[in-house]
Amino acid sequence: MDETFSLSLKEVKQDLVLGIVECNKRGLVQSAKWLSELNHGLSDVAVKTGAGKSFENLFAGVGAEEYDDYVLAKSYFDVREYDRCAHFTRNCASPVPKFLHMYASYMSKEKKRLDNMSDNSIVNGNSHVKDFSDLLTTLRTEHGQRKLDGYCLYLYGVILKKLDLNQMAVQIFVEAINAEPTMWGSWLELAPLVTDKAMLQNLKLPNHWMKQIFIGYTYIELFLNDEGIKIFENLQTNGFGKCIFIPTQLAIAFSNKRDVDKSIEIFQHLHEMDPFRLDNLDSYSNLLFVKDMKTEMAHLAHKAVDINKYSPETCCVVGNYYSIRADHHKAVVYFQRALKLNPRYLSAWTLMGHEFMEMKNTNAAIQSYRQAVEVNRRDFRAWYGLGQAYEILKMPFYSLHYYKAAQQLRPYDSRMLVALGETYEKLEKASTALKCYQKAYNVGDIEGVALYNLARLYEKQNQIEKAIPALLRFCSNENAIADKSSLCHAYMTLGNFYEKNEQFDKASHFAYKCLDHEDTKREAEALLKTIANKRQQKTAAAASSSSAAAGTPGADPEGDSESGEGKGKASDMDLEEVEMDESNVGRMVDMVMAQDDMLVENDEPEFQLEQAAELENSSLSIIMEDGSDANE
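Counting starts from 1 at the beginning of each chain's written sequence and moves along it residue by residue. Reporting of local features is limited, given that this is a predicted model, to residues whose pLDDT is at least 70; pairs of side-chain atoms are given and counted only at 80 or more, and all residues count toward the totals for whole chains, interfaces and linings. Note that the side-chain values use all heavy atoms of the structure and ignore hydrogens as well as water.

1. Some thoughts on empty space enclosed by the protein
Applied cut-off: A pocket, in this scheme, is an open set of points on a 1 Å grid over the protein atoms alone with protein on both sides within 12 Å along at least 5 of 7 lines, while a cavity is a set where a 1.4 Å probe fits but cannot get out; residues line either one if an atom lies within 4 Å of a point. Grid points are joined across faces, edges and corners, and a volume is the space filled by probe spheres set on the points. Under the DSSP-based scheme used, a helix requires at least four consecutive residues in state H or I and a strand at least two consecutive residues in state E, with every element numbered from the N terminus.
All told, the structure shown has one cavity of 30 Å³ or more when counted by the stated rule. As a volume, the largest cavity reaches approximately 70 Å³. For the lining of the largest cavity, the secondary-structure elements that each account for two or more residues are helix 15 (260-273) and helix 16 (281-290). Among the elements that take part in the lining of the largest cavity, helix 15 stands out by supplying three residues, more than any other.

2. As for the nonpolar core
Note the threshold: Within this scheme, the nonpolar core is defined by two criteria: the residues are buried Ala, Val, Leu, Ile, Met, Phe, Trp, Tyr or Cys, and they are joined through side-chain atoms within 4.5 Å. Here's how the labels work: a residue is buried when its accessible area is under 20% of the maximum for its type, exposed when over 50%, partly exposed in between, all with a 1.4 Å probe on protein chains only. Note on definitions: a residue-residue contact is assigned when non-hydrogen atoms from the two residues lie within 4.5 Å.
Core analysis: the biggest nonpolar cluster contains 180 residues, and F214 and F240 have the highest contact counts within it. Here this core takes nine residues from helix 8 (residues 150-162), the largest share from any one element. Discounting residues that sit within four places of it in the chain, F214 has contacts with W187, L190, A191, V194, L200, L203 and L205.

3. Let's talk about helix 13 (residues 225-240)
Formally: To estimate the expected span of a helix, subtract one from its residue number and multiply by 1.5 Å. This arc describes the spread of directions from the helix axis toward the C-beta atoms.
With 16 residues, helix 13 should reach 22 Å at 1.5 Å per residue; the first-to-last C-alpha distance of 19 Å falls well below that figure. Listed as buried for helix 13 are N225, G228, I229, I231, F232, L235 and F240. Seen from one end, helix 13 has its buried residues packed into an arc of 165 degrees, which puts them on one side. Exposed residues pointing more than 90 degrees away from the buried face of helix 13 are listed as K230 and T237. Contact partners of the buried residues in helix 13: helix 1 (9-25), helix 2 (29-41), helix 12 (209-221) and helix 14 (245-256).

4. As for the packing of aromatic side chains
Cut-off, in case you're wondering: Here a pair means two rings of Phe, Tyr or Trp (six-membered ring of Trp) with centres within 6.5 Å. Their orientation is stacked below 30 degrees between planes, edge-to-face above 60, and tilted elsewhere. Lysine and arginine charges are scored as sitting over a ring when NZ or CZ, respectively, is within 6 Å of the ring centre and within 35 degrees of the ring normal.
Applying the stated criterion across every chain, the model contains 27 aromatic pairs. Arranged with centres 5.5 Å apart and planes meeting at 15 degrees, the rings of Y390 and Y402 form a pair that is stacked. Here Y390, found in helix 22 (residues 380-392), pairs with Y402, found in helix 23 (residues 396-409); they are twelve residues apart in sequence, far enough to count as distant. When sorted by exposure, Y390 lands in the same class as Y402, which is buried. Above the face of the Y151 ring, R26 is positioned so that its terminal group lies 4.0 Å from the ring centre. Between R410 and the ring centre of F223, over which it is positioned, the NZ or CZ distance is 4.6 Å.

Right, here's the structure in full:
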């Protein structure tokens, strides 16, 4: 892909104007909205209107004898009376009314399906296969006869995707895009079906300016954030800087990279540009939650309620507000409201799962996370949440399965790797656990626990020499460590190690640090007493040996002097060791890591972990589908 793709903004603007007209004629309101926002961002670009193609095409595709039926049907469609719309266009043959008939039929079935999902709070894409059967048969037949235009191909792809026929859906969406490149809905539906970068590059897409936006969007969907950022920043500098979609994607990419401050800054700028916009407001709310910005969350919730009290985005924002106030019951109520409005609203399912976890309702959390996975199998938070839930239920093989799924989606996220390491520990697979902790440290330890877990596991294996360098590196940034109990344990381990090796200055240094914490205060005092006693014994032994040497007949005074000088040098060397210790910690860790090279080699580009032999896919799918098994 060419990131320096040149764009003719006048051609882009003309394509947008035509695309808006065509989408509006067919009732594709979301695509028309997206194209209109992009078009508004190019308001500085002048194109000819009035006698332009957009006005010539205003009623193109509508047969003269079908015009009255079309206008009536379109008015019914606009007020969501889909069955009436389909009825009045049932005999139409011209392209626009024909599509409107099929689309209204689809929307009628989908609305009824979503209403049933709202009642049952269950997402099941296969429960109404028979509802789409007639429409699917018609579309398949006409596709075989090559009678479908780009818009009908889009609808065909949507139905195939609903029925989980993803491979066929990809082919149909690519056909639709080649037929109508400005139909954003086709691009948008295709993006979640792209599984990796290689598949994206092999798609036979038209060399159209929309391709750049699609590739950047898909990169971010695949968590290839740096590549996505590069494309969208390039689009910004090439005239799309005022298009609100571009900075929104940049904000999401920076959020994925955990650059929360940068992402919040972009969202605040977007809010100033368009203060009544609700799209992606839940993502903005999540960032404020992470930064614990309660006041800003309260203002955002009030603003969202004023704009539209009954939108899914508003309900999620209010739910997040109650969550940060630790009012988890009210948070769940608002997430449930969001799902009543849109049962396939991903954020609400995932966030509700988090709330149930806070309420210790593990079974309800599992159901919520599973629904999130049904909506979008690429939601790593839902997979990770399932892993945590089964960890609480002490079902480590299930937990391992879900943590692996989350790690495959986020291969360079240390949290997934640490969770995998802890699960392997419970399964008594120490070598694989060590591999996970080392990988988590190598990719950038977000929570700062990988080194501690690595050292603790070395301790359990009685490899204290390997644990010490890891503990020294762990303690080197003590202010950033949130878990003080882990820090105290590290200090005591280091103190005891140096005491046994008679490096009393180092041992005292770490023992004194433990005096500030109640949990280790007594143990540290005992260690300091032991150090003091050993020092006295060593001093007494040294004095005794000196006296014996002085009383020996024929002792050489000059030899005693040299011996004393040698002791002074040894003392200076001990002090140098203490001073040099912190600076050499990194080198020591690297040396230990190098000894376990076989554990971390050949991990790139994708981290591979051995499968748990005890977890069989067949038994997993049977047992997990029954929620009652979670109680067992």
